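Structural overview for review
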Amino acid sequence: MIDDSSLTAEMEEEESPATTIVPREPPKIQRLEESVVNRIAAGEVIQRPVSAVKELVENSLDADSSSISVVVKDGGLKLIQVSDDGHGIRREDFPILCERHTTSKLTKFEDLFSLSSMGFRGEALASMTYVAHVTVTTITKGQIHGYRVSYRDGVMEHEPKACAAVKGTQIMVENLFYNMIARRKTLQNSADDYGKIVDLLSRMAIHYNNVSFSCRKHGAVKADVHSVVSPSRLDSIRSVYGVSVAKNLMKVEVSSCDSSGCTFDMEGFISNSNYVAKKTILVLFINDRLVECSALKRAIEIVYAATLPKASKPFVYMSINLPREHVDINIHPTKKEVSLLNQEIIIEMIQSEVEVKLRNANDTRTFQEQKVEYIQSTLTSQKSDSPVSQKPSGQKTQKVPVNKMVRTDSSDPAGRLHAFLQPKPQSLPDKVSSLSVVRSSVRQRRNPKETADLSSVQELIAGVDSCCHPGLLETVRNCTYVGMADDVFALVQYNTHLYLANVVNLSKELMYQQTLRRFAHFNAIQLSDPAPLSELILLALKEEDLDPGNDTKDDLKERIAEMNTELLKEKAEMLEEYFSVHIDSSANLSRLPVILDQYTPDMDRVPEFLLCLGNDVEWEDEKSCFQGVSAAIGNFYAMHPPLLPNPSGDGIQFYSKRGESSQEKSDLEGNVDMEDNLDQDLLSDAENAWAQREWSIQHVLFPSMRLFLKPPASMASNGTFVKVASLEKLYKIFERC
Ligand code: ADP
Ligand code: MG
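Residues numbered from 1 in each chain as written. Chains lettered and ligands numbered in written order. Predicted model: local features only at pLDDT ≥ 70, side-chain atom pairs only at ≥ 80, totals over all residues. Heavy atoms only, no water.

- The protein has the name Ribosomal protein S5 domain 2-type fold in an unreviewed UniProt entry, where Arabidopsis thaliana x Arabidopsis arenosa is given as its organism.
- Annotation of the protein in UniProt includes, under Subcellular location (unreviewed entry), the sentence "Nucleus".
- The Sequence similarities (unreviewed entry) comment attached to the protein in UniProt states, word for word, "Belongs to the DNA mismatch repair MutL/HexB family." (UniProt positions renumbered as here; feature names shortened; annotations may be inferred.)

Some details on the site of ligand 1
- Neighbouring ligand 1 are 20 residues, the closest being Asn59, Thr103, Ser104, Lys105 and Gly122.
- Contact distances for ligand 1 include 2.5 Å between an oxygen atom and a side-chain N or O atom of serine 104.
- Interatomic distance of 2.8 Å between a backbone N/O atom of glycine 122 and an oxygen atom of ligand 1.
- Contributing elements (two or more residues each) for the shell around ligand 1: α3 (49-62) and α5 (124-131).
- Counted by class, the shell around ligand 1 contains six nonpolar, ten polar and four charged residues. (Near = heavy atom within 4 Å. Polar contact = N/O pair within 3.5 Å; in protein donor to acceptor, adjacent residues only side chain to side chain. Helix = DSSP H or I, 4+ residues; strand = E, 2+ residues; numbered from the N terminus. Nonpolar A, V, L, I, M, F, W, Y, C, P; charged D, E, K, R; others polar.)

Let's talk about the side chain of glutamine 81
- Counting through the fold element by element, glutamine 81 comes out in strand β2 (residues 79-84).
- The class of glutamine 81 is buried, set by a relative accessible area of 17%.
- Those residues in contact with glutamine 81 that lie beyond four places of it in its chain are Ser69, Val70, Val71, Gln170, Ile171 and Met172. (Buried < 20%, exposed > 50% of the residue type's maximum accessible area, 1.4 Å probe, protein only. Contact = heavy atoms within 4.5 Å.)

Considerations on the pairing of strand β20 (residues 489-494)
- Here β20 shows a clear split, with Ala490, Val492 and Tyr494 buried on one side and none of Phe489, Leu491 and Gln493 buried on the other.
- Note: strand β19 (residues 480-484) against β20, four bridges, orientation antiparallel. By the bridge assignment, tyrosine 481 is partnered in β20 with valine 492.
- From the end of β19 to the start of β20, which pair antiparallel, there are four residues.
- Bridge analysis of β20 against strand β21 (residues 497-502) gives six bridges, and the strand direction is antiparallel. For leucine 491, the partnering residue across the bridge sits in β21 and is leucine 500.
- Where β20 folds back onto β21 in an antiparallel hairpin, the turn is made up of two residues, including asparagine 495, whose phi is positive at roughly 50°. (Pairing = 2+ DSSP bridges.)

Topic: the environment of aspartate 265
- As for its placement among the helices and strands, aspartate 265 is situated in strand β11 (residues 261-271).
- A sequence separation of 57 residues divides aspartate 265 from leucine 322, and the C-alpha atoms of the two residues are 6.8 Å apart.
- In this structure, aspartate 265 is in contact with Val254, Ser255, Ser319, Ile320 and Asn321, ignoring residues within four places of it in sequence.

Some thoughts on the packing of aromatic side chains
- One pass over the structure, following the stated rule, counts 14 aromatic pairs.
- Each ring, one from tyrosine 241 and one from phenylalanine 315, has its centre 5.1 Å from the other, and the planes form 70°; the classification is edge-to-face. Placement of tyrosine 241 in helix α8 (residues 233-241) and of phenylalanine 315 in strand β14 (residues 315-321) is noted, with a sequence separation of 74 residues between them. No difference in accessibility class separates tyrosine 241 from phenylalanine 315, as the two residues are buried.
- The interplanar angle of 85° and the centroid separation of 5.3 Å between the aromatic rings of tyrosine 578 and phenylalanine 626 together place this pair among those described as edge-to-face. Of this pair, tyrosine 578 sits in helix α20 (residues 572-579) while phenylalanine 626 sits in helix α22 (residues 622-637), placing them 48 residues apart in sequence.
- A relative accessible area of 0% means that phenylalanine 626 is categorised as buried. (Phe/Tyr/Trp six-rings, centres within 6.5 Å; stacked < 30°, edge-to-face > 60°.)

Re the pattern of salt bridges
- Scanning the model with the defined rule gives 18 salt bridges in all.
- Measuring nitrogen to oxygen at the nearest pair gives 3.1 Å for the salt bridge that ties lysine 710 to aspartate 465. Here the residue lysine 710 occupies a position in the loop between α24 (680-708) and β25 (721-726), and aspartate 465 occupies one in helix α15 (residues 455-467), the gap between them amounting to 245 residues.
- Its relative accessible area of 16% is what places lysine 710 among the buried residues. (Salt bridge = Lys/Arg side-chain N within 4 Å of Asp/Glu carboxyl O.)

With respect to the sheet that holds β25
- Read across the sheet, four strands follow the order β19-β20-β21-β25 without closing on themselves; strand pairing throughout is antiparallel. Edge strands, defined here as strands with exactly one partner in the open sheet, are β19 and β25. Adjacent strand axes in the sheet meet at a mean angle of 30° when their direction is disregarded.
- Contacting β19, β20, β21 and β25, helix α17 (residues 503-517) crosses the sheet at an angle of about 65° to β21.
- Packed onto the sheet, α24 meets β19 and β20 and runs at close to 155° relative to β19. (Axes fitted to C-alpha atoms, helices over the stretch in contact; angles between N-to-C directions.)

Structure below.
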């Protein structure tokens, strides 16, 4: 309620000051004392001990050091000491060394764009002196002794003292945040500051492999980071992150050039499918500067999640080089973040390179030679003259230590499983199909990952690659999803063209291709209620039938359902092992594979899927069998329109309650009470199903297509993509209007 007391506020001020708002005189603006300004600024640059270490180490690198050692006491709060063997600091620079904005690295603004040093703001040392006690000991080349001097609040506490010194500079930062009680208290309670410092130096050590780093706690004999100068980056990673990381890395490289020369290049190492970790480690350097980039991190994680079955997070080291003028390093006080020109394009290039590398890694897998031998001997013992005992030449039979790993790839089949099983023997009894031999031997290997080496699957994947239509690939990779035009077609824009894209066809193909790529590597979706196969198949048969209610036909359907159930039970082991379709001993379907993360298929289509497995798969031939099952899965997981009609159009009729009374009612009252006549539960199910599908199309299908789909040439002519307009023409029409 508004009363008029505000009008009389001034008059009443004396009587009831507590209830009225008193307009104040404008406060006077004052200049902050310089020491206050400096301390506030210092708090931004030096947020915690690790930020001080980073600044000091960067200074040492800028001073051309080849050895940097760090000693830390009490998480850095008591002492941070960084010693280097760099060029040192001149005696005459001491008075201004720790003043704000004094630097030897920049003289004018333009220098920012040609800068090759880490520092340039001249703030780090100054900041430290406002929040800690700083002592510098240094010697320059040709001097017989060094100097030591301490600083507080930007100025020297005394004249520099001559002292003995070894080459380079040592900076001691003591009692960090002694004058910032709140910050010191929060930091004292957190135990992980030393961990952060170790992490920082580990990252620095692998990039600057021409510098040796060490980091230890004060008083400790053993260093927690210890790297030696090594020309091989992989060696540096091994010495810092350990053998378990280094042995599971693959090299990646991308570069892109334009007319003016190379504009971007990246090289690094990424973990392969054998690497297991709960947290992503992305060690990222842009123009030799350690930075963070959450967009790139997310982009890489997406590729890993979509390509590898295990829920492992990757280890990634990347060094990106860009023209200096494309990188703005001046957007963050500690230069932790940088801003890049064309960031999205760069991320996409990296993403697709990582994806290609991961996929190709399927062709190059790590085998334990002993296991291979075990299979071989088992097979051999089945039948001594069986052709599987005809080892391909070059197969070793002598014992090999368990830890000896052999690399094999598709161009060199020796050592690969199918090499033992081919060529197909003449004397092998026909009923032992090559598939069952492959299956049983693969099972003995226990490690399902390696089964993806089956040549038939590789052939199917190669088939997908060779049918790919380059123009469509370009369109799919670069198109933007606009929205759904109807139940089946999405409107997409590519350059200045608009297309209608059939999402059912596209998703079916994508699911098929992903099934092949994830072959034997699936994560599983557990069904909450295992579903009996025979009932589901019967349901599907009845749905297919145009003339239901015919009893004799029903008998037949039941028999067909039984036969199909038997067949699938027989194939259960294979379906489970290769496709993660689990049928339990009582012939219930209980698990399905994850084909794309964040997507579960429409369970209303399970009956159709099972019928399709039973009817359409050619089980006897290995390649056709894998193709048939993958196609059935592809069709099942495709983003079909939900079975309930779309309530947002004419489909709404479907949800009206079909009872006489309601029919009469609506006839009498017209459409006024339409709402009352709708089956609200069914309607909300339908609305959910349609909304869910649209979400999946936009957020799962299109992003995944961009990454993985190799559109077959047939899609160019079968109506999957229809060009509807070009924007230039549309604009012309609008101009005329
Ligand atoms: P910036 O690095 O931005 O120039 P700093 O406050 O970090 O500012 O350092 C100020 C200056 O002190 C540097 O420009 C450099 O000349 C000198 N300096 C600091 N640390 C070292 C070191 N370890 N070795 C040689 N010179 C150093
Ligand atoms: Mg600096």
